[in-house]
Amino acid sequence: MSYIRFEHLYKSFGQNEVLKDINLEIEQGQLVTLLGPSGCGKSTLLRCLAGLEAVTAGKVYLDGADITNVNPKDRDVGMVFQQYSLFPNLNVAQNVAFGLKMKKVPKEETDRRVSEILRVVGLSDKAGQYPSQLSGGQPQRAALARAIVIQPKVLLLDEPLSAIDALLRRSLQIEIRKIQKDLGMTAIFVTHDQDEAMVMSDVIHLMHQGIIEQSANPTEMYTRPATKFAATFIGHYNILSAAEFGTLTGEKLDCQDVAFRPEAVEITLQPSQRENCYHWKGVIDDSLPHGNILRYAVRCGGTQVDVDVLFRTSMMFDHGQEIYMSIKKENCIQL
Ligand code: ADP
Ligand code: MG
């Protein structure tokens, strides 16, 4: 049986049904993310696991036990929030020791565990500093240490990096992932940022309006979105109605929409001979640099298609230029 299980979980606030029949299984030792737009129910689902919200219906299991009605403090769950709220009047070591003190762990063991965990998060030399003296990612690491020092069965991270600038954020993502793996922790990470979910997760659970839209590993989520919402939220898919797609390619597909990634399309000046492809023509409307790629907006009849090519000066097309486009059939996802 899986380590964490949500079974037919419902949660309403008054008339507002926020979680609708959530069924989710999480394996021990994995880091999974709940990914989705603001308001889709990510925090509420975490809070149901932590016991900070009572569920409306359904069950929550952790490590073989039904914890649906267990007191939050008896659930063995560690949490880190965006507002990591360290105690300002306690230094880093005292902040980290707080949970152990509550559990009445003897002083010697507390000291040993605190200094060990400060080493793990790279804060050994900050033990005596106060939160106001910390900078650049150190408060997050202190909050992380405080949550994991109690050796929780599961670590819950609710958008812990959302308020941090991009560069530092990327290094903390990698650091948290490494610590989680090294310690073999089970963790649930909440984010609305698809790149963050891609970098960190064993499994991504994409949420949308209180349901799990798709569960998949990062590669599968990126290459095989299961629904139109998933294709809209992950990557930058072109989504055409089957009718529009048929007009371009001459292929009548039996589905609602067809999705394909901008980098899956090839642009050439001469008609392409590639096999097992769809082919059509277009006119370059616009181009925008995105780091090391150039994104062309291509007008194809009444439809616009975005195409990404690696930024090489030898592969530049002019605005208004007529070009040929081709895409492998297998890269067109029917939705
Ligand atoms: P997310 O974390 O994905 O942004 P939340 O789980 O915080 O979303 O919220 C989901 C929905 O539940 C929102 O519509 C929010 O307004 C509502 N909600 C969350 N907490 C409460 C609460 N304590 N009382 C009433 N409504 C709430
Ligand atoms: Mg939230």
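Provided above is the structure to which this section pertains.
Here's a quick rundown of the structure.

The rules behind the values
Residues numbered from 1 in each chain as written. Chains lettered and ligands numbered in written order. Predicted model: local features only at pLDDT ≥ 70, side-chain atom pairs only at ≥ 80, totals over all residues. Heavy atoms only, no water. Core = buried A, V, L, I, M, F, W, Y, C linked by side-chain atoms within 4.5 Å. Buried < 20%, exposed > 50% of the residue type's maximum accessible area, 1.4 Å probe, protein only. Helix = DSSP H or I, 4+ residues; strand = E, 2+ residues; numbered from the N terminus. Contact = heavy atoms within 4.5 Å. Axes fitted to C-alpha atoms, helices over the stretch in contact; angles between N-to-C directions. Parallel < 35°, antiparallel > 145°, perpendicular 65-115°, else oblique. Left-handed = near helix turned anticlockwise from the far one by under 90°. Nonpolar A, V, L, I, M, F, W, Y, C, P; charged D, E, K, R; others polar. Pairing = 2+ DSSP bridges.

Ranked by size, the top nonpolar core spans 33 residues in total, and within it Val96, Leu144 and Leu155 carry the most contacts. Those elements that provide at least two residues to this core are α2 (92-102), α3 (107-120), α4 (138-148), β7 (154-158), α5 (166-183) and β8 (187-191). A per-element tally of this core places α4 first, with six residues. Not counting chain neighbours up to four residues away, the residues in contact with Val96 comprise Val114, Ile117, Leu118, Ala142, Ala145, Arg146 and Val149. Core analysis: the second largest hydrophobic core is formed by 29 residues, Leu19, Leu45, Leu156 and Met207 among them.

Take the packing of α2 against α4 next. Contact geometry for α2 and α4: axes closest at 7 Å, N-to-C directions at 30 degrees. It follows from the interaxial angle that α2 and α4 lie roughly parallel. Between α2 and α4 the crossing geometry is right-handed. In this structure, α2 uses Val92, Asn95 and Val96 to contact α4, whose residues at the interface are Ala142, Ala145 and Arg146. Of the residues contributing to the contact of α2 with α4, the split by class is four nonpolar, one polar and one charged.

As a further point, take the pairing of strand β3 (residues 31-35). When you tally the buried positions in β3, you get five out of five residues, the bulk of the element. Of the two faces of β3, the one lined by Leu31, Thr33 and Leu35 and the one lined by Val32 and Leu34 are each fully buried. Summarising the sheet, β3 and β8 pair through five bridges and their orientation is parallel. Looking at β8, one finds that Val32 is bridged to Ile188.

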